[in-house]
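Read off the chains here:
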Amino acid sequence: MRAALMYGAGDVRVENVPDPVLVEPTDAIVRVVSSCVCGSDLHAYRAMPAAETGVQTGHEFVGVVEEVGREVTWVKPGELVVSPFAYADNTCDLCREGVQTSCPNGGFLSAAQAELIRVPQAQGTLVRLPVGEESVFLPSLLTLADVYGTGYHAALIAGVNARTTVTVIGDGAVGLLSVLSARRMGAEQIILMGWHKDRTDLGREYGASEVVAERGPEAVERVRELTSGEGTHAVIEAVGHLDAYETALGVVRPGGTVSRVGVPQYDQGPIGFASVFGANITLTGGPAPVRSYIEKLLPDILEGKVNPGLVFDHHTDLDGVPEAYRLMDERKTLKALIRP
């Protein structure tokens, strides 16, 4: 089969690799119908050391089941499915508590930008979709694999409701779908911090009431102006860099919550009396257990109430994956959809 492989920073190639095969009786082989490039893929694209052997990339996909192991009964060949980016048995205590990303029998997928993919723990991971592979909803259904579920998770753990004000830091796909999710949860003041007009325009369409294009101290000052000097009850940090975290601490109001879902590219940051402790700030976040949310978010997509697939502004086939990485890295594309 053909697949995208990363050989180092800025070096993505499409090559022929062996077809995946069933290894465990809990596996499934899925033909990828659509995949995409994630903002978190760009961290490796910018920093991965050069290697002689490429690493398959991609963790989001919708596909058709081709083959299943003998212990897989939940899905069968021929069915269209979506997979969360983390596989899990969905039966252990942690999974039942809604933390599938910490399943002791689980892990993270990284081979979805390809024609075929092996999915471990398919029984607990894959979710059947009640549409065909040519459905007009396919882009939105693909967001259930990661970015929509992550945006929903960010707003949920931040405690967003009709009584909360919200700041979303980052105008990438996760940030925009955090705006959508916060709006669906009832928040009426949602401040989106971003500086790409095409993206922030989509953020307004999704429910942002204000856009702050400033950065650093000026951005903090502007959010404070928009909230009578108080800051917002919830802050969603959807970037993953230290300066975004520091901005989050600057705009959260006392007693508020900072929800971090941008994959952190730092190990240390302010948590002391002046930054977090003294103002009773809650820090939360982590990899979204999107398997917990797929069935909940699916109906609104199929009923046309939401259209998270609008985050895809570039479509390509496998041959165009290296260019898709480049365009996303240069901020010329928000999110690239791949149809192998």
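Above this text is the structure in question.
Summarised in this report is the structure supplied together with it. (Residues numbered from 1 in each chain as written. Predicted model: local features only at pLDDT ≥ 70, side-chain atom pairs only at ≥ 80, totals over all residues. Heavy atoms only, no water.)

Focus on the sheet that holds strand E13 (residues 210-212)
What counts, and what does not: Two strands pair if DSSP finds at least two bridges between them. A run of DSSP states H or I qualifies as a helix once it reaches four residues; a run of E qualifies as a strand once it reaches two. Both are numbered from the N-terminal end. Helix axes are fitted only over the stretch in contact, all axes being lines through C-alpha atoms; the angle between N-to-C directions runs from 0 to 180 degrees.
As summarised here, the arrangement of the six strands in space is E13-E12-E11-E14-E15-E16, forming an open sheet in which the pairing is parallel. Because the sheet does not close on itself, it has two edges, and the strands there are E13 and strand E16 (282-285). Pairwise comparison of adjacent strand axes, ignoring direction, gives a mean angle of 20° for this sheet. Note: strand E15 (residues 252-260) against E16, four bridges, orientation parallel.

Quick look at the environment of Phe273
Keep this limit in mind: Burial status follows relative accessibility: with a 1.4 Å probe on protein chains alone, a residue under 20% of its type maximum counts as buried, one over 50% as exposed, and anything between as partly exposed. The contact criterion used is simple: two residues touch if any of their non-hydrogen atoms lie within 4.5 Å.
Inspection of the secondary structure assignment puts Phe273 in helix H10 (residues 273-277). On the basis of relative accessibility, which here comes to 62%, the residue Phe273 falls in the exposed class. For Phe273, the contacting residues outside a window of four places in its chain are Gly278 and Ala279.

So, the packing of helix H6 (residues 173-184) against helix H7 (residues 197-206)
Note the following rule: Convention used here: angles under 35 degrees read as roughly parallel, angles over 145 as roughly antiparallel, angles from 65 to 115 as roughly perpendicular, and any remaining angle as oblique. Handedness of a crossing is defined here by the sense of rotation of the near helix relative to the far one, left-handed for an anticlockwise turn of less than a right angle and right-handed for a clockwise turn. Lys, Arg, Asp and Glu make up the charged group, whereas Ala, Val, Leu, Ile, Met, Phe, Trp, Tyr, Cys and Pro make up the nonpolar group; the residues left over, Gly among them, are polar.
Remark: H6 packs on H7, axes separated minimally by 8 Å, with the N-to-C direction vectors making an angle of 15°. As judged from the angle between their axes, H6 and H7 are roughly parallel. Taken as a pair, H6 and H7 cross one another with a handedness that is right-handed. Mapping the contact onto sequence places Leu176, Leu177, Val179, Leu180 and Arg183 in H6 and Arg199, Leu202, Gly203 and Tyr206 in H7. In terms of residue class, the contact of H6 with H7 is built from six nonpolar, one polar and two charged.

Here's the deal with the sheet that holds strand E2 (residues 11-16)
On the basis of which strands lie adjacent, the open sheet formed by three strands has the order E2-E1-E4 and antiparallel pairing. Of all the strands in the sheet, just E2 and strand E4 (55-56) have a single pairing partner and so form its edges. The sheet contact formed by strand E1 (residues 2-8) and E2 spans six bridges and is antiparallel. The residue bridging Gly8 from the neighbouring strand is Asp11, located in E2.

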